[in-house]
Amino acid sequence: QVQFVESGGGLVQPGGSLRLSCAASGSLFTIYAMGWYRQAPGKQRDLVAAISSDGSTSYADSVKGRFTISRENAKDAVYLQMNSLKPEDTAVYYCYANSPGARYWGQGTQVTVSS
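This write-up is about the structure you can find in this document. All figures in this text were calculated on a predicted structure; none of them were measured in a lab. (Residues numbered from 1 in each chain as written. Predicted model: local features only at pLDDT ≥ 70, side-chain atom pairs only at ≥ 80, totals over all residues. Heavy atoms only, no water.)

Let's shift gears to the packing of aromatic side chains. Within this structure, the stated rule accounts for 4 aromatic pairs. Ring geometry for Phe4 versus Tyr104: centroids 6.2 Å apart, planes at 45°, classification tilted. On the criterion of sequence distance, the pair formed by Phe4 in strand E1 (residues 3-7) and Tyr104 in strand E10 (residues 102-105) is long-range, its members being 100 residues apart. Here the aromatic rings of Tyr37 and Tyr96 are separated by 5.5 Å at their centres, their planes lie at 65°, and the arrangement is edge-to-face. (Phe/Tyr/Trp six-rings, centres within 6.5 Å; stacked < 30°, edge-to-face > 60°. Helix = DSSP H or I, 4+ residues; strand = E, 2+ residues; numbered from the N terminus.)

Now the structure itself:
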């Protein structure tokens, strides 16, 4: 049974930084795109950033220039470096990984930006 385990969330002041990590725990398999979504209270889950198997990246307009996504294929891991955080970045962040015929999700990690 494959699981993706997230870490790195927490409480940070506006302007601060956090680094989220997400790594597979379980059998090795082929992974294609990986990325991060977030969901704020009362809102839908939105795509934040994605990275393809060849390293191509894409970002939501609201985080461009502040967030950086990366991956480490040897560990089946994906990371999200978040800088210049704003209160509106407060949400539960979920990682995902696409494999043949399936999408796997992390359990979610809370990010709260507040003074």
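More follows now that the structure is in view.
What follows is about the pattern of salt bridges. According to the stated counting rule, one finds 4 salt bridges in the structure shown. Taking the shortest distance from any N to any O, the salt bridge between Asp89 and Arg38 comes out at 2.9 Å. On the criterion of sequence distance, the pair formed by Asp89 in the loop between strand E8 (77-82) and strand E9 (91-99) and Arg38 in strand E4 (residues 34-39) is long-range, its members being 51 residues apart. Exposure class is identical for Asp89 and Arg38. Each is buried. (Salt bridge = Lys/Arg side-chain N within 4 Å of Asp/Glu carboxyl O. Buried < 20%, exposed > 50% of the residue type's maximum accessible area, 1.4 Å probe, protein only.)

This brings us to the environment of Ala91. Relative to the helices and strands, Ala91 is located in strand E9. Owing to a relative accessible area of 3%, Ala91 belongs among the buried residues under this scheme. Remark: the alpha-carbon pair of Ala91 and Trp105, spanning 14 residues in sequence, is separated by 16 Å. With residues near it in sequence (within four places) discarded, Ala91 still touches Arg38, Gln39, Ala40, Thr109, Gln110 and Val111. (Contact = heavy atoms within 4.5 Å.)

Attention now moves to the sheet that holds strand E7 (residues 67-72). Here we have 4 strands laid out as an open sheet, ordered E1-E3-E8-E7, and antiparallel in their pairing. The sheet is open, and its two edges are formed by E1 and E7, each paired on a single side. For this sheet, the mean angle separating the axes of adjacent strands, direction not counted, is 15°. The pairing of E1 with strand E3 (residues 18-25) spans 5 bridges and is classified as antiparallel. By the bridge assignment for E3, Glu6 is matched with Cys22. (Pairing = 2+ DSSP bridges. Axes fitted to C-alpha atoms, helices over the stretch in contact; angles between N-to-C directions.)

Looking now at the pairing of strand E11 (residues 109-113). Of the two faces of E11, the one holding Thr109, Val111 and Val113 is buried and the one holding Gln110 and Thr112 is not buried anywhere. Judged from the 3 bridges that link them, strand E2 (residues 10-12) and E11 form a sheet pairing that is parallel. Considered in E11, the bridge of Leu11 is made with Thr112. Here 3 bridges tie E9 to E11, and the two strands are oriented antiparallel to one another. Looking across to E11, one finds that Ala91 is bridged to Val111.

For the rest of this paragraph, the subject is the layout of surface pockets. Rolled over the atoms, a probe as big as a water molecule pinpoints where empty space is left. Roughly 160 Å³ of volume is contained in the largest pocket. Sorting the residues of the lining of the largest pocket by element identifies E4 and strand E5 (45-51) as the ones contributing at least two each. If one sorts the elements of the lining of the largest pocket by residue count, E5 sits on top with 3 residues. Classifying every residue of the lining of the largest pocket gives 5 nonpolar, 4 polar and 4 charged. (1 Å grid on protein atoms, 1.4 Å probe; cavity = no way out; pocket = protein on both sides within 12 Å on 5 of 7 lines; lining within 4 Å. Points joined across faces, edges and corners; volume = space filled by probe spheres on them. Nonpolar A, V, L, I, M, F, W, Y, C, P; charged D, E, K, R; others polar.)

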